[in-house]
Amino acid sequence: MVAVSTKINRPSHVVWQYFTTASNWRKWYGSALKEINPAWQHGAKLVWDSGGTSPIITFLPGAEIGLSIAGRDTTFVFSPEGNSITNLKLTEADPPGGPQGSDGLKRKVELEEMLRNLRLRVEAET
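All of these numbers come straight from a predicted model, not from anything done at the bench. (Residues numbered from 1 in each chain as written. Predicted model: local features only at pLDDT ≥ 70, side-chain atom pairs only at ≥ 80, totals over all residues. Heavy atoms only, no water.)

Enquirer: How should I be thinking about the overall build of the protein in this particular structure?
Expert: For the protein, the helix and strand inventory stands at three helices and seven strands. In summary, the protein has a C-alpha radius of gyration of 14 Å against a globular reference of 14 Å for 126 residues, a match within 12%. Principal axes of the C-alpha set define a box for the protein whose edges measure 40 × 35 × 25 Å. By the burial criterion, 36% of the 126 residues in the protein qualify as buried. At a minimum sequence separation of 6, the contacts of the protein that also span at least 24 residues come to 44%. Split by element, the accessible area of the protein, about 6700 Å² in all, is 50% carbon and sulfur. (Helix = DSSP H or I, 4+ residues; strand = E, 2+ residues; numbered from the N terminus. Rg over C-alpha atoms; globule rule 2.2 N^0.38 Å. Buried < 20%, exposed > 50% of the residue type's maximum accessible area, 1.4 Å probe, protein only. Contact = heavy atoms within 4.5 Å. Areas by Shrake-Rupley, 256 points an atom, 1.4 Å probe, with all protein chains shown as cover.)

Enquirer: It is not clear to me how the sheet that holds strand E6 (residues 72–81) should be interpreted in this structure. Could you clarify?
Expert: Whether parallel or antiparallel, the strands of a sheet pair through hydrogen bonds between backbone atoms. Pairing within the open sheet is antiparallel, and its seven strands lie in the order E1-E7-E6-E5-E4-E3-E2. Each end of this open sheet is capped by a strand with a single partner; those strands are strand E1 (2–8) and strand E2 (33–37). The average undirected angle you get between the axes of adjacent strands in this sheet is 20°. Pairing analysis gives eight bridges linking E6 to strand E7 (residues 85–92), with the strands arranged antiparallel. Considered in E7, the bridge of serine 79 is made with asparagine 87. (Pairing = 2+ DSSP bridges. Axes fitted to C-alpha atoms, helices over the stretch in contact; angles between N-to-C directions.)

Enquirer: Just checking my understanding: could you explain the packing of aromatic side chains for this structure?
Expert: Geometry of an aromatic ring pair is reported as the spacing of the ring centres plus the angle between the planes. A full pass over the atoms with the stated rule returns 14 aromatic pairs. An angle of 25° between the planes, with centres 5.4 Å apart, marks the rings of tyrosine 29 and tryptophan 48 as stacked. Remark: tryptophan 48 occurs in strand E3 (residues 45–48) and tyrosine 29 occurs in the loop between helix H2 (25–28) and E2; sequence separation between them is 19 residues. Classification of tryptophan 48 as buried rests on a relative accessible area of 9%. An aromatic cluster of three or more residues is present, and its members are Trp16, Phe19, Trp25, Trp28, Tyr29, Trp40, Trp48, Phe59, Phe76 and Phe78. (Phe/Tyr/Trp six-rings, centres within 6.5 Å; stacked < 30°, edge-to-face > 60°.)

Enquirer: How should unusual backbone geometry be read in this particular structure?
Expert: Among all residues save glycine, negative phi is the norm, and among peptide bonds the norm is trans. Here asparagine 37 and proline 38 are connected by a cis peptide whose omega angle stands at 5°. Residue placement: proline 38 occurs in the loop between E2 and E3.

Enquirer: Help me understand helix H1 (residues 12–19) in this model?
Expert: Given 3.6 residues per turn, any residue in an α-helix points the same way as the ones three and four places further on. All buried positions along H1 are accounted for by Ser12, Val15, Trp16, Tyr18 and Phe19. Angular distribution of buried residues about the axis of H1 spans 165°; they occupy a single face of the element. (Arc of directions from axis to C-beta.)

If you want it as structure tokens, here you go:
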């Protein structure tokens with residue numbers, strides 16, 4: 001399992017709104033969402049521009065979203081810190097078959113970069 005986090009200098013409702021706007025994903029995630037079908041809710045599916053889907057396995061409005069992306073359960077937890085900062089924690093389960101040695105460190109660096117991109121985008125665009 002890999003866990004990373006970042007503090008975003010915006011209120012949690014602003015970060016949540018940015019995160020749940022499908023058109024923003026290309027900017028920070030690296031892949032574009034075509035749609036969320038039927039909507040952001042437990043059991044729905046993220047439909048990727050490149051094809052394929054990822055189910056929403058956990059959904060607590062304003063607080064947590066769990067996805068199954070490429071066979072890895074990935075959870076985003078949004079925690080307010082006062083009125084103007086959001087702690088965003090991302091936890092990703094090991095791939096099927098268990099961790100892959102140094103790949104775990106490489107993946108942690110990739111996830112840290114992804115959250116950094118999200119933080120920079122939210123702070124610049126909201």
